[in-house]
Amino acid sequence: MDQPVERESGEGAHAELPPGQRLQRGWPVTHYGPVPKFRPERWEFRVFGATADGEKRCWNHEEFAALPYATVVGDLHCVTKFSMLGAEWGGVPARAILEIAPPAPAVTHVMVWAEYGFSSNLRLADFASDRAIFATHKDGELLTAEHGFPLRLVVPHLYAWKGPKWVRGVEYMTADRRGFWEERGYHNVGDPWQEQRYSYQEEPGDGPEL
Ligand SMILES: Nc1nc2c(c(=O)[nH]1)N[C@H]1C(S)=C(S)[C@@H](COP(=O)(O)O)O[C@H]1N2
Ligand SMILES: [Mo]
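Residues numbered from 1 in each chain as written. Chains lettered and ligands numbered in written order. Predicted model: local features only at pLDDT ≥ 70, side-chain atom pairs only at ≥ 80, totals over all residues. Heavy atoms only, no water.

A. Spatial organisation of the pattern of salt bridges. What the rule picks out here adds up to eight salt bridges. As a salt-bridge pair, Glu-182 and Lys-162 come within 2.9 Å of each other at their nearest N and O atoms. Residue Glu-182 is found in the segment after strand E12 (167–173), and its partner Lys-162 is found in the loop between strand E11 (152–154) and E12; the two are separated by 20 residues along the sequence. Here Glu-182 matches Lys-162 in class, with each residue buried. Close ionic contact of Arg-184 with Glu-183 constitutes a salt bridge, the shortest N to O distance being 3.6 Å. Overall, the relative accessible area of 44% leaves Arg-184 in the partly exposed class. (Salt bridge = Lys/Arg side-chain N within 4 Å of Asp/Glu carboxyl O. Helix = DSSP H or I, 4+ residues; strand = E, 2+ residues; numbered from the N terminus. Buried < 20%, exposed > 50% of the residue type's maximum accessible area, 1.4 Å probe, protein only.)

This is the structure:
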């Protein structure tokens, strides 16, 4: 892994780095468990739970690839304190999924599901952010397997564990529930600008009881 470097000082420097974060040269690979093998014939993306019409939606890989493509510029802030700034992510905006497969009015949170049962919960408002994107590309290039190919979620305004790699679906929820890391000591909301790293920092209302 590259050594983290401090952002050079100068005009506007540090302004983009959340507290306690260092700029990372290169793009390290960080995740729990093995890298899943992509099998296009078995891959599907599912939207389920409290959908507006009560129906599940399912796309195979070809269908998902035909959804509207957009790009957003967004940072990656790992809770282990390295950050990558200003990457261009290409893929399907989370908002597009919300439009195509709308949630029921009572939905307050989503659980984003990935291979091997990895999950992360998000407030609906965070998921609906205009920079939350199901990315297939970074800086114009297809994601590599280690970085989440064929699909990962990127939510630039939250810590990066809130963006599952190898994502396979979204569950609409009418109450909050903790995902994989949120059950294992990490903050339920995960706002890097407020340094919401660990669950012991949670205030009443930040998440369901542990
Ligand atoms: N499926 C899955 N996605 C995951 C993780 C994981 O363990 N499993 N780790 C998260 C964490 S903690 C970070 S920092 C980013 C790292 O993404 P990168 O390896 O592309 O840098 O992926 C996130 N997505
Ligand atoms: Mo991370």
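B. Quick peek at the sheet that holds strand E8 (residues 119–123). Spatial strand order, E4-E3-E12-E7-E8: five strands in an open sheet with mixed pairing. The open sheet terminates on both sides in strands that have one partner only, identified here as strand E4 (57–60) and E8. Taking the axes of each pair of neighbouring strands and ignoring which way they run, one obtains an average angle of 15° across the sheet. (Pairing = 2+ DSSP bridges. Axes fitted to C-alpha atoms, helices over the stretch in contact; angles between N-to-C directions.)

C. Region of the structure containing the nonpolar core. Ranked by size, the top nonpolar core spans 28 residues in total, and within it Phe-45, Phe-64, Ile-97, Phe-127, Phe-134 and Tyr-172 carry the most contacts. For this core, the secondary-structure elements that each account for two or more residues are strand E3 (44–49), helix H2 (94–100), strand E7 (109–114) and E12. Membership of the second largest hydrophobic core comes to nine residues, among which are Ala-87, Ile-133, Ala-135 and Val-154. (Core = buried A, V, L, I, M, F, W, Y, C linked by side-chain atoms within 4.5 Å.)

D. How the structure looks around the site of ligand 1. Near ligand 1 there are 19 residues, and of these Thr-30, Tyr-32, His-147, Arg-152 and Lys-165 occur at the shortest range. The separation between an oxygen atom of ligand 1 and a polar side-chain atom of Lys-165 is 2.5 Å. Taking 530 Å² as the accessible area of ligand 1 by itself, protein coverage stands at 96%. Comparing atom positions with the cavity grids shows ligand 1 to sit within the largest pocket. Class assignment for the residues of the shell around ligand 1 results in 13 nonpolar, four polar and two charged. (Near = heavy atom within 4 Å. Polar contact = N/O pair within 3.5 Å; in protein donor to acceptor, adjacent residues only side chain to side chain. Areas by Shrake-Rupley, 256 points an atom, 1.4 Å probe, with all protein chains shown as cover. 1 Å grid on protein atoms, 1.4 Å probe; cavity = no way out; pocket = protein on both sides within 12 Å on 5 of 7 lines; lining within 4 Å. Sits in = over half its atoms within 2 Å of the grid points. Nonpolar A, V, L, I, M, F, W, Y, C, P; charged D, E, K, R; others polar.)

E. Structural detail: the layout of surface pockets. Considering only enclosed or pocket space, the largest pocket measures out at about 570 Å³ in volume. Lining the largest pocket are 29 residues, with Thr-30, His-31, Tyr-32, Phe-118 and Trp-181 sitting closest to its centre. Along the lines of polarity and charge, the residues of the lining of the largest pocket split into 18 nonpolar, eight polar and three charged. Of the voids in this model, the second largest pocket is the one considered here, and its volume is about 170 Å³. For the second largest pocket, the lining is made up of 15 residues, of which His-61, Phe-64, Ala-65, Thr-136 and His-137 are closest to its centre. Only helix H1 (61–65), strand E6 (82–93) and strand E9 (133–138) provide two or more residues apiece to the lining of the second largest pocket. For the lining of the second largest pocket, the element with the most residues is H1, which contributes three residues. Considering only residue class, the lining of the second largest pocket consists of 11 nonpolar, four polar and no charged. (Points joined across faces, edges and corners; volume = space filled by probe spheres on them.)

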